[in-house]
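Topology and contacts: notes
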Amino acid sequence: RAQRMLVGDLDNIVLKALQKEPERRYATAAALREDIECYLTDRQVAARPASLVYKARKFARRNLLALTGSVVFAVTVIALVVFYTGRLSLERDAAQMQAERSDEIARFLTSLFDSASPYNAKGQQVTAVELLEQGFERIESLEVRPALQASLMQNIGNNMTALGQQQRAIPMLERALEILEQQPQADQYVFLDVLDNLSEAHRQVGAYDEALAYREEAVSLATELYGPHNERVAFLMMRIGVTLFDMRRVDEALDIEAQALVKLDRIGQRETPSAIDARGNYANSLQYAGRLAEAITTHRETVSLSERVDGELAPNTLIRMANLAGTLVQVGKLREADALIDTALERGARVWPAGYDQFVYYYYQKCQLARRLGDFEEAIAACTEAIEIAKNNFGDQSLFYARPVRDLAALRGHLREFESAARLYDQAEAIVEANAGVDSLTMRIIYVRRAETLLGAGDYARAESLLREALVQKDRMASNTAMFAEALLVDALSKSGKTDDATVIFDEILPSAEARYRDYPAILPVLSAGTAHFRAVGDFDRALALGEQIEQLIAGIGEPMSWSSAIAFSEYGLVLEEIGDAKAQSVLGTSREVLVPLFGPDDPRVP
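Cut-off values and rules
Counting restarts for each chain, with residues numbered from 1 along the sequence as it is written. A pLDDT threshold of at least 70 governs which residues receive local features in this predicted model, and a stricter bar of 80 or more applies before side-chain atom pairs are shown or counted, although totals over entire chains, interfaces and linings include all residues. Neither water nor hydrogens contribute to the side-chain values; these are computed over all heavy atoms in the structure. Numbering of helices and strands starts at the N terminus; helices are DSSP runs of H or I of at least 4 residues and strands are runs of E of at least 2. Burial classes follow relative accessibility: with a 1.4 Å probe on protein chains only, a residue under 20% of its type's maximum area counts as buried, one over 50% as exposed, and anything between as partly exposed. Any two residues having at least one pair of non-hydrogen atoms within 4.5 Å are treated as being in contact. Computed with the Shrake-Rupley method and a 1.4 Å probe, the accessible areas treat only the protein chains shown as cover for residues. Here, a salt bridge means any Lys or Arg side-chain nitrogen found within 4 Å of an Asp or Glu carboxyl oxygen. Only Phe, Tyr and Trp rings take part, Trp by its six-membered ring, and two of them pair if their centres are within 6.5 Å. Stacked means planes under 30 degrees apart, edge-to-face means over 60, and tilted covers everything else. Distance and angle both matter: a charge sits over a ring if NZ of Lys or CZ of Arg is within 6 Å of the ring centre and within 35 degrees of the ring normal. Here an angle of 0 to 180 degrees is reported between the N-to-C directions of two axes, which are lines fitted to C-alpha atoms, with helices fitted over the stretch in contact. An angle below 35 degrees is treated as roughly parallel, one above 145 as roughly antiparallel, one from 65 to 115 as roughly perpendicular, and anything else as oblique. The hand of a helix crossing depends on one turn: near helix anticlockwise from the far one by less than a right angle means left-handed, and clockwise means right-handed. Residue polarity follows a fixed list, in which Ala, Val, Leu, Ile, Met, Phe, Trp, Tyr, Cys and Pro are nonpolar, Asp, Glu, Lys and Arg are charged, and the others, Gly among them, are polar. Working rule for helices: expected span equals 1.5 Å times residues minus one. Any cysteine sulfur atom paired with another within 2.5 Å is treated as part of a disulfide. A residue's bend is the angle separating two fitted axes: one through the seven residues that end there, the other through the seven that start there. The term nonpolar core refers to a set of buried residues drawn from Ala, Val, Leu, Ile, Met, Phe, Trp, Tyr and Cys, joined through side-chain atoms within 4.5 Å.

Secondary structure summary: the protein chain contains 29 helices and zero strands in total. Counting over 607 residues, the protein chain shows a buried share of 48%. Put simply, 58% of the contacts in the protein chain that link residues at least 6 apart link residues at least 24 apart. When the accessible surface of the protein chain is summed, it comes to about 29800 Å², and 52% of that surface belongs to carbon and sulfur atoms.

Written as structure tokens, this is what we have:
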């Protein structure tokens, strides 16, 4: 080590000091000391020739820290330049690909809409559904990348779903999924979207097993892409809950929806739009499970959050108000529910143009509420408005169109316009069969409503047949709908003379009805049917007990008596009349005060 130190500057200093010629030696001791200090401070010494390499080495030793930083900085700059050059190159390529994709889509859409022009349509009106179908057929022949084909098919399928054409949308979305599955480098985020869309389309047509399978696959993929603690994972879990609920696996639905809400709360997403949507769906499940008090509390919280986060005029806020209104109906708060729908309609008019598709839902609910409140003229006007908007936006062969047609049929039945009601029911059934199938839950709901009309017309045998067909899917119906169908069946059997069968069914349904709806007017059809039945067979003790339940329930509603409540109340009055109770005239008089102005004194529903 000492030898290495002596080589170089020190060696040259010593040799200079030992030179024989005075002019080659240090002139003074101070000059020698200065050269030694230069060595110690890594400066150039006078005893050594000053080459460029030597000067650079001395400079580097004196500035080692600064030079090290400079080198690191330079290397970093070079690395960043290389990285961002590569990134910009990739982004440039992606932008170029996106531009090409946009050009291809633009060309595709231009050719598609050209077919709807007057020059090519040749006098035929081309509907949106027909245009989408033509587009789907053309996509297969497009010479574009498979990923673009799948994307186009997905978009067309989603638009078909939005137009209420779920049955047509499903093959399109399945084809998009098939194309993506054949691509080893397929975009997994697009794949996730297609799975989600397919699940929803199947759910809407009642193909719940397929819907659940796609949704579970979507949750698995989303967890892989985003990790388990993610808002989209929680939202997809909630949609599994919605599907399970549609399958009437209510306990499982409520459990997974509650898990989704907990997950959202834990990741600090309680007040995001997705979290609010999840809360609203949980409230819907509570409602249909018959947990009405919890449902109303959760619905109110959802509406409040939605107004604050999404805004009072947001479409989702208006939908959530309508959902709250639907639950309020079940607890007899008809006027509060009606006010909510009026508010939704007023706000909607400030957001959308007249005839916008969202109005179908609100006018549809307005129709139902006006009917329950006995304003049949307004109910018919609201139903007619819903039908017209559905026709203009979705077509007269969509499920959106069939639902208000079904409700208008029920209205005509309440007004005893049975032939008109029958034609409307036939129309609704044909549309539902084409879109959802004859075995769908939607068709079963029509059977229940039609059976109610048939009972009013005195066709008990056909009413019984339809109700038995509907109740094949009892476990998939909302609990209050299934209970209403069973109450109608008791009525049909009793009035057709099958009294023993009526008693058996009534004894089967009463415990579950009381367990869920003892304090709510939703149970009135069951109590009314039972009161009428036991009065008819002479079991006045039992009829009287049921009638007293009707009286207590109506007294607790806290609103003016509705016409349906008045019909149930009149059954109690008829029992009192049969047993000679003086209270009968008061009860029957109260019922007539409600029913006569609506139906006239000669209507069979007026006691």
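That shown, we press on.
Here we come to the pattern of salt bridges. This model, assessed by the stated rule, comprises 37 salt bridges. Of the charged contacts in the structure, one is a salt bridge between Arg335 and Glu559, with a shortest N-O distance of 3.3 Å. Taken as a pair, Arg335 in helix H17 (residues 334-351) and Glu559 in the loop between helix H27 (540-557) and helix H28 (563-578) lie far apart in primary sequence, 224 residues in all. On the accessibility criterion, Arg335 (39% relative accessible area) is partly exposed.

Next up on the list: the packing of aromatic side chains. In this structure the tally under the stated criterion is twelve aromatic pairs. Centre to centre, the rings of Phe506 and Phe534 are 5.4 Å apart; their planes meet at 80°, and the pair counts as edge-to-face. Pair noted here: Phe506 is in helix H25 (residues 499-517) and Phe534 is in helix H26 (residues 524-536), with a separation of 28 residues, a long-range link. For Phe506, a relative accessible area of 0% corresponds to the buried category. Phe534 sits in the buried class, given a relative accessible area of 3%. Taken together, the ring pairs connect Trp352, Tyr356, Phe359, Tyr361, Tyr362 and Tyr363 into an aromatic cluster. Positioned above the aromatic ring of Phe599 is the side chain of Arg605, whose terminal nitrogen or guanidinium carbon lies 3.8 Å from the ring centre.

Another point: the packing of helix H22 (residues 441-457) against helix H23 (residues 460-470). Here H22 crosses H23 at 160°, and the two axes come no closer than 8 Å. Here H22 lies roughly antiparallel to H23, going by the angle between them. Crossing hand, H22 versus H23: left-handed. Contact with H22, carried on its side by Arg444, Tyr447, Val448, Arg450, Ala451, Leu454 and Leu455, involves Tyr460, Arg462, Ala463, Leu466, Leu467, Glu469 and Ala470 of H23 and no other residues of that element. Classifying every residue of the contact of H22 with H23 gives ten nonpolar, no polar and four charged.

With 18 residues, helix H21 (residues 418-435) ought to run about 26 Å at 1.5 Å a step, and its terminal C-alpha atoms sit 26 Å apart, in line with that. Phi turns positive one or two residues past the end of H21, at Gly437, with a value near 100°.

Packing of helix H24 (residues 479-495) against H25 brings their axes to within 9 Å, and their N-to-C directions diverge by 155°. By the angle class used here, H24 and H25 are roughly antiparallel. As for the relative orientation of H24 and H25, their crossing is left-handed in sense. Counted together, Ser479, Asn480, Met483, Glu486, Ala487, Leu489, Val490, Leu493 and Ser494 of H24 and Thr499, Asp501, Ala502, Ile505, Phe506, Ile509, Ala513, Arg516 and Tyr517 of H25 form the full contact between these two elements. Grouping the constituent residues of the contact of H24 with H25 by class yields eleven nonpolar, four polar and three charged.

Going through the model one piece at a time under the given rule, you end up with one disulfide. Across a sulfur-sulfur distance of 2.2 Å, Cys367 and Cys383 are joined as a disulfide pair. Disulfide Cys367-Cys383: torsion about the S-S bond near -75°, hence left-handed. On the criterion of sequence distance, the pair formed by Cys367 in helix H18 (residues 359-372) and Cys383 in helix H19 (residues 376-394) is long-range, its members being 16 residues apart.

Quick look at helix H29 (residues 584-599) now. Taking 1.5 Å per residue as the helical rise, H29 with its 16 residues ought to reach 22 Å, and the 21 Å between its terminal C-alpha atoms agrees with that figure. When the local axis directions of H29 are compared, the greatest deviation, roughly 30°, occurs at Arg592. One or two residues past the end of H29 sits Gly600, with phi positive at roughly 90°.

What follows deals with the side chain of His414. Mapped onto the fold, His414 is located in helix H20 (residues 399-414). On the basis of relative accessible area, His414 is assigned to the buried category, the value being 7%. What His414 contacts, discounting residues up to four positions off in sequence, is Arg371, Phe376, Glu452, Trp563, Phe599 and Arg605.

Even without being glycine, Arg416 reaches a positive phi, approximately 60°. One can find Arg416 in the loop between H20 and H21. Among the residues examined, Arg416 registers a relative accessible area of 32% and is labelled partly exposed.

Topologically, Arg279 is positioned in helix H14 (residues 273-288). Among the residues examined, Arg279 registers a relative accessible area of 8% and is labelled buried. Along the primary structure Arg279 and Leu305 are separated by 26 residues, whereas in three dimensions their C-alpha atoms are 9.8 Å apart. Sequence-distant contacts of Arg279, that is, excluding residues within four places in its chain, are made with Leu261, Asp265, Arg270, Thr298, Glu301, Thr302 and Leu305.

This brings us to the environment of Ile319. Tracing the backbone shows Ile319 in helix H16 (residues 315-330). Classification of Ile319 as partly exposed rests on a relative accessible area of 27%. Not counting residues within four places of it along the chain, the set of residues in contact with Ile319 comprises Gln358, Tyr361 and Tyr362.

Right, let's get into the environment of Val490. Take Val490: it is sitting in helix H24. By relative accessible area, Val490 is classed as buried at 1%. Between the C-alpha atoms of Val490 and His533, which are 43 residues apart in sequence, the distance is 7.8 Å. Each residue touching Val490, except ones within four places of it in the same chain, is listed here: Ala502, Ile505, Phe506, Ile509 and Ala529.

A word on the nonpolar core. Counting 158 residues, the largest nonpolar core has Tyr362, Leu411, Ile523 and Val526 as the members making the most contacts within it. The contacts of Tyr362, once residues within four sequence positions are left out, are Pro315, Leu318, Ile319, Ala322, Ile341, Ala344, Leu345 and Trp352. Ile13, Tyr26, Cys38 and Val45 belong to the second-largest nonpolar core, a separate cluster that totals five residues.

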